[in-house]
Amino acid sequence: MTGLTPQARQGSAKTRTPRFGIGRKLLAAILLTSSLITMAAIGVQLVSEYQRESTLLQHNLHQYFDSTLPSISQALWDADLRLVEQQLEGALSIPGLRGLNLTSIEGYVITRGSSKDDLAWPMPLVHEGRNIGTLTAYVSLKSVREKLRDNLMVIVLTQAVKTFLMSIVILWLIHRIVTRYLVRAARQLAAVESDRQPTPLHLGRPRSHRQDELDLLESAFNSLHKRWQYSLQDTERLNRELQDQSRVLEDTLARKTATLRQQTEASQLLSSLSVALMEMSDQQLGQQIASVLHRAASLNRSQALAFYRHDNDGYRSIYRWPMEGTSHFDLPETPPVTTAVIVKASNGEDHYQVQFPVYLRDAFVALLLVDCQGPSDRSSDDMEVSNTFYSQLARLLFNVSERFERERELQSANRQLTQKNAELQMQAETDPLTGILNRRPFNRALNRAIRQATRQTQTIGLLLVDIDHFKPFNDSLGHLKGDEALITVAHMLSERFQRATDIIARFGGEEFVVLMTDIDETSFAELAESFRQLVWDKAIHHPANDSGRLTVSIGGYWCQATPDLVEDNLIRHADEALYAAKQSGRNRVVIDSAHTFVNDRTPS
């Protein structure tokens, strides 16, 4: 029999009734539950009593004022204020009524008592169907609260005494019926010694034809006592069998340790080689592969190794060790099988080659040849470790060579793709006719400029430049001349607005846009006017224009950048200014600043 621990024996000698037993816990639970239920019942009773008293008080006031309001209204109508005051003072004798306030439509105000109480009750004063004033009664619920407070004390004391007495009775019954027997059972169980079997449990309770929970506990323990005896015998038998199996397992483990150690060394070497090879650069690959093959040959006592890639053009020698060796490898004319193949050499039985093919999706893609010395009929365990190692090495060399070939192809493709992307980006963001930005990159630049100007508290201005009467220009001189005019205007814009932060773009058709930041309003307007004058001075022939020259109308908007400024508002204000310039006769500059036209620069 398994004995008790010293701590268990020491604890059994000191077994005693717990300080906080079931009875006390039940008493605490009963007291807490009863207190909560009592508080809830008291709360409900107090709320009901409060509502009843309040309703009774309001009913009494209704009865009184229903009979006195007509007489008060008549006295107020007759302007008999003395009678009104007497009636108000008489009403203050009603319990709970603390104040009255009468306000007539003619401005009379009569106040009796206090107006600072719990409830204000306004009542209209009506005489012959006409509203002649308002009487407000101020009601105090203090007497109701005092009565409820007295009732509360009585209820609380009654419920507390009742709960306490009931709890004492319940505690005594629990101790009498349950607790003392549980303590007796615990003491008997704790008295079990380590050198003998426990005796059956006997609580010493009066026998009854009806079993309760304690009877079930006693019966269950005694049944467990019998099963424990049988279990002890089974445990001793199983321990003997386990010891025999442990000796057999130790012998088997000892036999497999050598083979497992050899496999572990090969796996560790292969893992380190895999990490090293995958982290090499292309320039280091040749020297590192030679070192890897040398270490692999040393591990398995090989004389030479060679790795070949195979495709539709035949074999390609990729890696070889030693680099200047005398070993000759016979390459198979047909794809070898998917397992290691031993090929006997012609110079004797102590020299042979092993082929380790690599297949990818059922296609023969690579071959590792190993030139070995010694008898070819080694033990099965040695052959299994060696073949597994070289098969994994062949797959590793193929993956490394494949990786570097794919990387070289990918680098070449990336260079071509980068060049094509740069060309496409330039074509997508540049107007093909004028060579300046088109609408899409300008919108992105406008958004960035607004955010930057807002962060740096800068001003921002936008000009819309429109060629006057451009459609008649095209109709009269042809589209080629129209394209030349657009190109000329674009070049003139680039020459005039040359700050690093200035952005010029073709906005659409014959419209151009110029964005400037960190510029004062005067300089902004002067630059716009100077460009208009520059186009005028260019004197490009325009037969459909009244002046006979090509002219431009310019609308601009200038403001201080703020967080609520958006691109659409900036463009809209500049477009409104451009429209104003056209309506004013064209060939002019109109600048809109903070929604107000401050500059209308007509041609000189």
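The structure presented is a predicted model; accordingly, all values stated were derived computationally and were not measured. (Residues numbered from 1 in each chain as written. Predicted model: local features only at pLDDT ≥ 70, side-chain atom pairs only at ≥ 80, totals over all residues. Heavy atoms only, no water.)

Draft legend 1. Structural detail: the overall build of the protein chain. Across its full length, the protein chain carries 12 helices and 15 strands. A total of 604 residues make up the protein chain; the buried ones form 37% of that total. In the protein chain, once contacts between residues fewer than 6 apart in sequence are set aside, the share between residues at least 24 apart is 62%. Element-wise, carbon and sulfur atoms account for 54% of the exposed surface of the protein chain, whose accessible area totals about 36600 Å². (Helix = DSSP H or I, 4+ residues; strand = E, 2+ residues; numbered from the N terminus. Buried < 20%, exposed > 50% of the residue type's maximum accessible area, 1.4 Å probe, protein only. Contact = heavy atoms within 4.5 Å. Areas by Shrake-Rupley, 256 points an atom, 1.4 Å probe, with all protein chains shown as cover.)

Draft legend 2. The nonpolar core, seen in detail. Core analysis: the biggest nonpolar cluster contains 30 residues, and Leu463, Ile467, Leu493, Phe497, Phe512, Phe531 and Ile554 have the highest contact counts within it. Those elements that provide at least two residues to this core are strand 10 (459–467), helix 9 (470–477), helix 10 (479–496), strand 12 (511–517), helix 11 (521–538), strand 13 (552–560) and strand 14 (589–593). Top element by residues in this core is helix 10. It accounts for 6 residues. With residues near it in sequence (within four places) discarded, Leu463 still touches Phe497, Phe512, Val513, Val514, Met516, Phe524, Ala528, Ile554, Gly555, Gly556 and Ile591. Core analysis: the second largest hydrophobic core is formed by 27 residues, Ile289, Leu305, Tyr390 and Ala394 among them. (Core = buried A, V, L, I, M, F, W, Y, C linked by side-chain atoms within 4.5 Å.)

Draft legend 3. Inspection of the confidence of the model for the protein chain at higher detail. The share of residues in the protein chain with pLDDT of 70 or more is 80%, and the mean pLDDT across the chain is 79. Note on residues 1–13: pLDDT is under 50 here. Beyond four places in sequence and across chains, it has 14 contacts. When the criterion is pLDDT under 50, residues 595–602 qualifies, and its contacts beyond four places in sequence or with other chains add up to 29 contacts. (pLDDT = per-residue confidence, 0-100.)

Draft legend 4. Molecular detail of the pattern of salt bridges. Under the defined criterion, the tally for this structure stands at 19 salt bridges. Close ionic contact of Arg112 with Glu89 constitutes a salt bridge, the shortest N to O distance being 3.3 Å. Of this pair, Arg112 sits in strand 2 (residues 109–113) while Glu89 is found in helix 3 (residues 81–91), placing the two residues 23 residues apart along the sequence. Arg444 is paired through a salt bridge with Glu429; the nearest N and O atoms lie 2.3 Å apart. Of the two residues, Arg444 is situated in helix 8 (residues 439–455) and Glu429 in helix 7 (residues 380–429); the sequence distance between them amounts to 15 residues. You can call Arg444 partly exposed: its relative accessible area is 38%. Glu429 sits in the buried class, given a relative accessible area of 18%. Each of the salt bridges in this network shares a partner with another, and the network as a whole consists of Arg309, Glu402, Arg406 and Glu409. (Salt bridge = Lys/Arg side-chain N within 4 Å of Asp/Glu carboxyl O.)

Draft legend 5. Spatial organisation of the sheet that holds strand 1 (residues 97–104). One open sheet accounts for 4 strands, arranged 2-1-4-3; its pairing is antiparallel. The open sheet has two edge strands, strand 2 and strand 3 (119–127), and neither has a second partner. The mean inter-strand angle of the sheet, taken between neighbouring strand axes irrespective of direction, is 15°. Sheet topology note: the strand 1/strand 2 ladder contains 5 bridges and is antiparallel. Paired with Asn101 across the bridge in strand 2 is Thr111. Each of strand 1, strand 2 and strand 4 (130–139) is contacted by helix 3, which is oriented at about 25° to strand 2, the strand it contacts most. (Pairing = 2+ DSSP bridges. Axes fitted to C-alpha atoms, helices over the stretch in contact; angles between N-to-C directions.)

Draft legend 6. Structural context of the environment of Arg506. Here Arg506 is to be found in strand 11 (residues 503–508). You can call Arg506 buried: its relative accessible area is 16%. As for Arg506 and Leu437, which are separated by 69 residues in sequence, their C-alpha atoms are 6.3 Å apart. Here Arg506 is in contact with Asp431, Leu433, Thr434, Ile436, Leu437, Asn438, Arg439, Leu486, Glu511 and Phe512, once residues within four sequence places are set aside. There is a polar contact of 3.2 Å between the side chain of Arg506 and the side chain of Asp431. (Polar contact = N/O pair within 3.5 Å; in protein donor to acceptor, adjacent residues only side chain to side chain.)

Draft legend 7. A look at the packing of aromatic side chains. All told, the structure shown has 6 aromatic pairs when counted by the stated rule. With a centroid separation of 6.2 Å and an interplanar angle of 75°, the aromatic rings of Tyr315 and Phe364 are classed as edge-to-face. One end of the pair, Tyr315, is in strand 6 (residues 314–321); the other, Phe364, is in strand 9 (residues 363–373), with 49 residues separating them in the sequence. Arranged with centres 5.6 Å apart and planes meeting at 45°, the rings of Tyr359 and Phe364 form a pair that is tilted. Residue classification places Tyr359 among the partly exposed residues on the basis of a relative accessible area of 21%. The class for Phe364 is buried, based on a relative accessible area of 9%. (Phe/Tyr/Trp six-rings, centres within 6.5 Å; stacked < 30°, edge-to-face > 60°.)

Draft legend 8. Representation of the pairing of strand 1. Buried residues dominate strand 1, accounting for 6 of its 8 residues. As paired elements, strand 1 and strand 4 share 7 bridges and run antiparallel to each other. For Ser104, the partnering residue across the bridge sits in strand 4 and is Gly133. Hairpin remark: strand 1 followed by strand 2, antiparallel, with 4 residues in the connecting loop; positive phi at Gly107, about 105°.

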